[in-house]
Amino acid sequence: MWEHHDNDRWEKTTDNHAPLYQRPWEENEKNNIDFVVRYWQTLGMSADKINLGIPVYGQSWTLEDSSITGIGAPTIGGGAPGPITKSSGTLAYYEICNYINTAGWQVVTDPDNL
């Protein structure tokens, strides 16, 4: 019988979950917002008909080595569940805001804007 393990559903490295553009290291050119919007336009959809949604949740990971951080850091599974959503590896926007405001989490932006 197949058993689901938390590690089975998580990438083996940290990453943005909705990249705007293809990153230099990616072989799959389709895994980004820019490609999707251009794809719909090539099918004839007018740009003013495209409604782009932005995910307002975060993914989290348990790092393999806590000294190796950032995009591409090796992981061993999803991060600790949030206090409200109770879902390993996923935090709601309000949980993230709460941690920033009460637990000293630091806001970090992607220096490459990818």
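Structural notes, computed from the coordinates. Every chain begins its residue count from 1, and numbering advances along the sequence as written. For this predicted model, a pLDDT threshold of at least 70 governs which residues receive local features, and a threshold of 80 or more governs which side-chain atom pairs are given and counted, while totals over whole chains, interfaces and linings are taken from all residues. Excluding hydrogens and water, the side-chain values take into account all heavy atoms of the structure.

### Considerations on the pattern of salt bridges
- Salt bridges are counted wherever a side-chain nitrogen of Lys or Arg sits within 4 Å of a carboxyl oxygen of Asp or Glu. Evaluated as defined, the whole model comprises three salt bridges.
- Here arginine 23 ties to aspartate 15 by a salt bridge, and the two come within 2.8 Å at their closest N and O atoms.
- Burial classification: accessible surface area is computed with a 1.4 Å probe over protein chains only, and a residue below 20% of its type maximum counts as buried, one above 50% as exposed, and the rest as partly exposed. Classification of aspartate 15 as partly exposed rests on a relative accessible area of 23%.
- Residue aspartate 34 is joined to arginine 38 by a salt bridge in which the shortest nitrogen-to-oxygen separation is 2.9 Å. Pair noted here: aspartate 34 and arginine 38 are both in helix H1 (residues 33-42), with a separation of four residues, about one helical turn.
- Taking relative accessible area as the criterion, aspartate 34 reaches 25% and is therefore assigned partly exposed. Counting from the N terminus, the helices are DSSP H or I runs at least four residues long and the strands are E runs at least two residues long.

### Brief notes about the packing of aromatic side chains
- Only Phe, Tyr and Trp rings are paired, with Trp represented by its six-membered ring, and only when their centres lie within 6.5 Å; those with planes under 30 degrees apart are stacked, over 60 edge-to-face, the remainder tilted. Tallying each qualifying case throughout the model produces three aromatic pairs.
- Centroid distance phenylalanine 35 to tyrosine 39: 6.0 Å. Interplanar angle 20 degrees. Geometry classified as stacked. With a gap of four residues between them, phenylalanine 35 and tyrosine 39 both fall in helix H1, about one helical turn apart.
- Its relative accessible area of 17% is what places phenylalanine 35 among the buried residues.

### Considerations on the environment of glycine 82
- With respect to the helices and strands, the residue glycine 82 is situated in the loop between strand E3 (75-78) and strand E4 (90-92).
- For glycine 82 and tyrosine 94, which are 12 residues apart along the polypeptide, the C-alpha to C-alpha distance reads 10.0 Å.
- Ignoring sequence-local partners within four residues, the contact set of glycine 82 consists of Ser87, Thr90, Leu91, Glu95 and Tyr99. Any two residues having at least one pair of non-hydrogen atoms within 4.5 Å are treated as being in contact.

### Notes on the environment of glycine 72
- The residue glycine 72 is located in the loop between strand E2 (61-63) and E3 in this model.
- The exposure class of glycine 72 is partly exposed, given its relative accessible area of 39%.
- Each C-alpha atom of the pair glycine 72 and lysine 12 lies 8.6 Å from the other, and the pair is 60 residues apart in sequence.
- Not counting chain neighbours up to four residues away, the residues in contact with glycine 72 comprise Thr13 and Thr14.

### Some points on the side chain of asparagine 32
- Structurally, asparagine 32 can be placed in the segment before H1.
- Polar contacts involving the side chain of asparagine 32 include one to the main-chain amide nitrogen of aspartate 34, which spans 3.3 Å.
- The residues touching asparagine 32, leaving out its near neighbours within four places in the chain, are Pro19, Leu20, Tyr21 and Gln22. Any pair of N or O atoms that falls within 3.5 Å is considered a polar contact. Within protein, one atom must be able to donate a hydrogen and the other to accept it, and sequence-neighbouring residues count only if both atoms are side-chain atoms.

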